[in-house]
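# Survey of secondary and tertiary structure
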Amino acid sequence: MATGELSEAQLKLATDLELEMMADMYNRMTNVCQKKCIPAKYKEPDLSKGEAVCIDRCVAKYLEIHDRIGKKLTTLSQQDEATMKKLQETQMAPPK
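Residues numbered from 1 in each chain as written. Predicted model: local features only at pLDDT ≥ 70, side-chain atom pairs only at ≥ 80, totals over all residues. Heavy atoms only, no water.

Using the following cut-off: UniProt positions are given in the numbering used here, feature names are shortened, and annotations may be inferred rather than shown by experiment.
You'll find the chain entered in an unreviewed UniProt entry as Mitochondrial import inner membrane translocase subunit, with Lottia gigantea given as the organism. According to the UniProt record, the Subcellular location (unreviewed entry) comment for the chain reads "Mitochondrion inner membrane".

The following block contains the structure:
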């Protein structure tokens, strides 16, 4: 197996972890936006227009920030990988 390939078990683990993280993000977003936008004691069974708009904006912001953080972490991970590769190449190079 090549270094860049994942075994079936590793792929399943990565998939399960990603699913768990997405479920956690969804639960956190739901809790945060509900607390922010819907009063604890409500009088009507349906959302008011203001509550619906608040939830829509809250979810949009939450997802945007989640996306930004993911992109930043990916960039940092790639930079770390490149740095480690250069470090390994430097250590492997014969002394002058």
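Back to the text.
### Quick look at the nonpolar core
Which entries qualify depends on this criterion: To define a nonpolar core, start from buried Ala, Val, Leu, Ile, Met, Phe, Trp, Tyr and Cys residues and group those joined through side-chain atoms within 4.5 Å. Relative accessibility decides the category of a residue: with a 1.4 Å probe and only protein chains considered, values under 20% of the type maximum give buried, values over 50% give exposed, and everything between is partly exposed. Only runs of H or I of at least four residues qualify as helices and only runs of E of at least two qualify as strands under DSSP, and these elements are numbered from the N terminus. In what follows, residue pairs with any heavy atoms lying within 4.5 Å of each other are defined as contacts.
Counting five residues, the largest nonpolar core is built from Met29, Cys33, Cys37, Ile38 and Cys58. Looking at this core, the element that brings in the most residues is helix H1 (residues 8-37), giving three residues. When residues no more than four places from it in sequence are discounted, the contact partners of Cys37 are Glu51, Cys54, Ile55 and Cys58.

### Considering a nonpolar patch on the surface
We apply this condition: Patch membership is restricted to residues that have no salt bridge and whose relative accessible area is over 30%. Joining uses 9 Å for like charges and 5 Å for the nonpolar side chains Val, Leu, Ile, Met, Phe, Trp and Tyr. Values of accessible area rely on a 1.4 Å probe in the Shrake-Rupley scheme; residue burial ignores everything except the protein chains shown. Think of a salt bridge as a Lys or Arg side-chain nitrogen and an Asp or Glu carboxyl oxygen that are within 4 Å of each other.
A cluster of nonpolar side chains, Ile65, Ile69, Leu73 and Leu76, forms an exposed patch at the surface whose accessible area comes to about 350 Å². By relative accessible area, which is 47% here, Ile69 ends up partly exposed.

### Points about the layout of surface pockets
Our working definition: Cavity: a set of points on a 1 Å grid over the protein atoms alone where a 1.4 Å probe fits but cannot get out. Pocket: an open set with protein on both sides within 12 Å along at least five of seven lines, its lining residues, like those of a cavity, having an atom within 4 Å of a point. Grid points are joined across faces, edges and corners, and a volume is the space filled by probe spheres set on the points. For this scheme, ten residues count as nonpolar: Ala, Val, Leu, Ile, Met, Phe, Trp, Tyr, Cys and Pro. Four count as charged, namely Asp, Glu, Lys and Arg, and the remainder, Gly too, count as polar.
Approximately 170 Å³ is the volume attributed to the largest pocket. Along its surface, the largest pocket is lined by Gln34, Ile38, Pro39, Lys41, Tyr42, Lys43, Glu44, Pro45, Asp46, Leu47, Ser48 and Glu51. Taken together, the residues that form the lining of the largest pocket break down as five nonpolar, two polar and five charged.

### Points about the packing of H1 against helix H2 (residues 49-92)
Note the following rule: Here an axis means a line fitted to C-alpha atoms, over the contact stretch when the element is a helix, while the angle between two N-to-C directions is reported on a 0 to 180 degree scale. With the far helix as reference, a near helix turned anticlockwise by less than a right angle produces a left-handed crossing, and one turned clockwise produces a right-handed crossing.
Running from amino to carboxyl end, H1 crosses H2 at an angle of 145°, the nearest separation of the two axes being 9 Å. H2 is crossed by H1, and the crossing has right-handed handedness. Contacts between H1 and H2 involve Met22, Met25, Arg28, Met29, Val32, Cys33, Lys36 and Cys37 from the former and Glu51, Cys54, Ile55, Cys58, Val59, Tyr62, Leu63 and His66 from the latter.

### Observations concerning the environment of Tyr62
Within the secondary structure, Tyr62 is located in helix H2. Among all residues touching Tyr62, those that are not within four sequence positions of it are Met25, Arg28, Met29 and Val32.

### Re the state of the cysteines
One way to say it: the disulfide is the covalent bond shared by the sulfur atoms of two cysteines. Heads up, the condition is: Any cysteine sulfur atom paired with another within 2.5 Å is treated as part of a disulfide.
What the rule picks out here adds up to two disulfides. What connects to what in the chain, once the bonded cysteines are numbered by sequence position, is 1-4, 2-3.

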